[in-house]
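Residue-level structural notes
One letter stands for each residue in the lines below.
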Amino acid sequence: MKVAFWQKKESKQFKELATKLQKRRSTLLEEFKSKNKEVVDWARHREINVEDIVSKGARTLAATFATGAVLLSSGAAQITHAPENKETRRDVSEGNVLAFLNAKKDTSDKVKKILNSTRASDEKTLTEKLSSELNIKIVPELDGIRLNKTSGIIGYESHLTRYPGDNILTHFETSGDYQKFSHASMAGGPGAWGYIAPSRQVLTEKDIEKERYYLVAQTWLSPNWGSPATKQWFRHRKMIVINPQNGQAVVGVLEDAGPDIHTGRAFGGSPEVMEELGLRGGGINVLMYFVDDPGDQVSLGRYGL
Amino acid sequence: MSSIATFFLKKDNIILELQTLDISKGEQERLLKMADEIAEVRLIDLILEMLEERDRELFLEQLQVGASEVFIEFLRDKIADIETLLTEAAKVLENEIIEDIRSLKEGNND
């Protein structure tokens, strides 16, 4: 009669070695548990078996190192602070080649020229010229509402927590972004209006962009402040910030209120905004205006690249 | 399914040693799987040991939700030369297992 493989008698040497190896693993696991008490607590809290952490973790890490190997072999992991070749006018249809090429033109010199030739106090002329140059309707006042300032020092902000549980590991879409922006760390929580999304599952591309290009302004010092409706009006409000020193302009949205008055700053920008403005080293005086975009046609990010 | 042990534990020498035992092919495979399981505990323990306390929870959470492209950058950021450290730890384990096999043969020869 043929004997099935599970009925075959195990060899003596196999049994001895298997016992040794099993004992070795059990000892290691016990050591692991007594050394890593917080891991045991963490697992108990989530009703996960510590052994499952190890086995599932081993598979996750395999995928991690496989990704790392691919990144290294492709050179992608070596990216440091090289600027991305980014399309800044995503609202331009691919079919309209002329408009697309025009949007890719570097307008920073022209913006600088406008700023040098127009008095900042002449808001109307200045915003009209900027609107014309950048093809975006820029206004110092929108729906009868203004900020306390349209120029002031901008500070370098941390990344906002977009949804409960968002952290430095879940925050970035690519390793390049992680390398460039993780040093800015995460703010302790959401912005003044709460989380951008209630959970990771419902986080949209638009939500990601909102946090990536978020701006901070002293909304409570606005001359129009005083009602819950005004506070809500400022939420996700689209604005353009311009670095007058280099003429670079970024469209972002208000996602937080600040900075405190005692800091001497008037505005704040996400690490990505500051990078696009060429302000990695710290804040200088910038201009900030509303973008009149009721149809939400103006995309966020750098303009006039 | 691929595990971290696949990347770091080199099994060629272990296989050579196992081939000197009087065991079946199936038994050899089961023993190699056990070696992988030991390596998993060793290597994850080593990573946890090298992470600062505040980074451990992030690490554990990431292990549960699955790997992301960013995770490897995070580990490289937090643990200098992590691949070399894990390779060295796996080499130590490889030698220990080979020693186990040899001592088994010596015991049987006594």
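Just so you know, these numbers come straight off a predicted model, no measurement behind them.

When helices and strands are counted, chain B shows six helices and zero strands. Order of helices (α) and strands (β) in chain B, N terminus to C terminus: α-α-α-α-α-α. Within chain B, buried positions represent 50% of all 110 residues. In chain B, 66% of the contacts between residues at least 6 apart in sequence involve partners at least 24 apart. Accessible surface, chain B: about 5,300 Å² in total, of which carbon and sulfur atoms supply 48%.

Helix packing for two helices is described by the angle between their axes and how far apart those axes are. Two elements in contact, helix H2 (residues 37–45) of chain A and helix H4 (residues 53–65) of chain B, have axes separated by 11 Å at closest approach and are oriented at 45 degrees. Taken together, the axis directions place H2(A) and H4(B) in an arrangement best described as oblique. The hand of the H2(A)/H4(B) crossing is right-handed. Here Glu38(A), Val39(A) and Trp42(A) of H2(A) lie close against H4(B), whose contacting residues are Arg56(B), Glu57(B), Leu60(B), Glu61(B) and Gln64(B). Looking at the contact of H2(A) with H4(B), its residues break down into three nonpolar, one polar and four charged.

Moving on to the packing of aromatic side chains. Overall, the coordinates contain eight aromatic pairs over all chains when judged by the stated rule. Relative to Phe8(B), the ring of Phe65(A) lies with its centre 5.0 Å away and its plane at 90 degrees, an arrangement referred to as edge-to-face. Here Phe8(B) lies in helix H1 (residues 4–8) and Phe65(A) lies in helix H3 (residues 50–74), a pairing that spans two chains. Residues Phe65(A) and Phe8(B) agree in their burial class; the two are buried. Chaining the aromatic ring pairs together yields one cluster made of Trp225(A), Trp233(A), Phe234(A) and Phe290(A). The residue whose ring lies beneath Arg237(A) is Trp233(A), and the NZ or CZ to ring-centre distance is 3.8 Å.

In this section: the nonpolar core. Core analysis: the biggest nonpolar cluster contains 63 residues, and Leu61(A), Ile47(B) and Phe59(B) have the highest contact counts within it. Per-element accounting of this core gives the leading share, 12 residues, to helix H3 (residues 25–50) of chain B. Every residue in contact with Phe59(B), bar those within four places of it in the chain, is listed here: Leu61(A), Ile44(B), Ile47(B), Leu48(B), Leu51(B), Phe71(B) and Leu75(B). By size, the runner-up hydrophobic cluster in this structure holds 43 residues, among which are Leu215(A), Val241(A), Ile242(A) and Leu277(A).

This next bit is on the pairing of strand S2 (residues 151–156) of chain A. Residues and elements named next belong to chain A. Strand direction decides the pairing type here: S2 and strand S7 (residues 285–291), joined by three bridges, are antiparallel. Along S7, the bridge assignment pairs Ser151 with Leu287. Inspection of the sheet shows S2 paired to strand S6 (residues 267–269) by three bridges, in the parallel sense. Looking at S6, one finds that Tyr156 is bridged to Gly269.

The next subject is the interface of chain B and chain A. Contacts between the two partners involve 56 residues from chain B, matched on the other side by 53 residues from chain A. Regarding the contact of chain B and chain A, the summed buried area is about 5,100 Å², with carbon and sulfur atoms giving 68% of it. On the chain B side of the contact with chain A, Val41(B), Gln64(B) and Val70(B) bury the most area, a combined 13% of that side's loss. Linking chain B to chain A there are eight salt bridges. At the boundary of chain B and chain A, one finds 17 residue pairs in polar contact (both at pLDDT 80 or more). Secondary structure elements with two or more residues in the side of chain B that touches chain A: H1, H3, H4, helix H5 (69–78) and helix H6 (82–109) of chain B.

Applying the stated criterion across every chain, the model contains 33 salt bridges over all chains. Put simply, Asp293(A) and Lys238(A) hold a salt bridge, and the shortest N to O gap is 2.6 Å. Taken together, the residues span a long stretch of sequence, with Asp293(A) in the loop between S7 and strand S8 (301–303) and Lys238(A) in strand S4 (residues 238–243) at a distance of 55 residues. In this pair, the class of Asp293(A) matches that of Lys238(A), namely buried. Measuring nitrogen to oxygen at the nearest pair gives 3.1 Å for the salt bridge that ties Glu17(B) to Lys105(B). Here Glu17(B), found in helix H2 (residues 12–18), pairs with Lys105(B), found in helix H6; they are 88 residues apart in sequence, far enough to count as distant. Using a relative accessible area of 12% as the deciding quantity, one classes Glu17(B) as buried. Using a relative accessible area of 21% as the deciding quantity, one classes Lys105(B) as partly exposed. Overlapping salt bridges, with partners in common, bring together Arg24(A), Arg42(B), Glu96(B) and Asp100(B) in one network.

It is worth spelling out the pairing of S4(A) at this point. All names here are of chain A. Burial of S4 is extensive: six of the six residues sit out of reach of the surface. Between S4 and strand S5 (residues 248–257), which pair antiparallel in sequence order, lie four residues; one of them, Gly247, sits at a positive phi of approximately 75 degrees. Relative to S7, S4 is paired through four bridges, and the arrangement is antiparallel. Residue pairing in the sheet places Ile242 in a bridge with Leu287 of S7.

Attention shifts here to the side chain of Asp100(B). Inspection of the secondary structure puts Asp100(B) in helix H6. Look past the residues within four positions of Asp100(B) in its chain and what remains in contact with it is Leu17(A), Lys20(A), Leu21(A) and Arg24(A).

Conventions used here
Residues numbered from 1 in each chain as written. Chains lettered and ligands numbered in written order. Predicted model: local features only at pLDDT ≥ 70, side-chain atom pairs only at ≥ 80, totals over all residues. Heavy atoms only, no water. Helix = DSSP H or I, 4+ residues; strand = E, 2+ residues; numbered from the N terminus. Buried < 20%, exposed > 50% of the residue type's maximum accessible area, 1.4 Å probe, protein only. Contact = heavy atoms within 4.5 Å. Areas by Shrake-Rupley, 256 points an atom, 1.4 Å probe, with all protein chains shown as cover. Axes fitted to C-alpha atoms, helices over the stretch in contact; angles between N-to-C directions. Parallel < 35°, antiparallel > 145°, perpendicular 65-115°, else oblique. Left-handed = near helix turned anticlockwise from the far one by under 90°. Nonpolar A, V, L, I, M, F, W, Y, C, P; charged D, E, K, R; others polar. Phe/Tyr/Trp six-rings, centres within 6.5 Å; stacked < 30°, edge-to-face > 60°. Lys NZ or Arg CZ within 6 Å of the ring centre and 35° of its normal. Core = buried A, V, L, I, M, F, W, Y, C linked by side-chain atoms within 4.5 Å. Pairing = 2+ DSSP bridges. Buried area = accessible area lost by both parts, 1.4 Å probe. Salt bridge = Lys/Arg side-chain N within 4 Å of Asp/Glu carboxyl O. Polar contact = N/O pair within 3.5 Å; in protein donor to acceptor, adjacent residues only side chain to side chain.

Read these as spatial facts, not as claims about activity.
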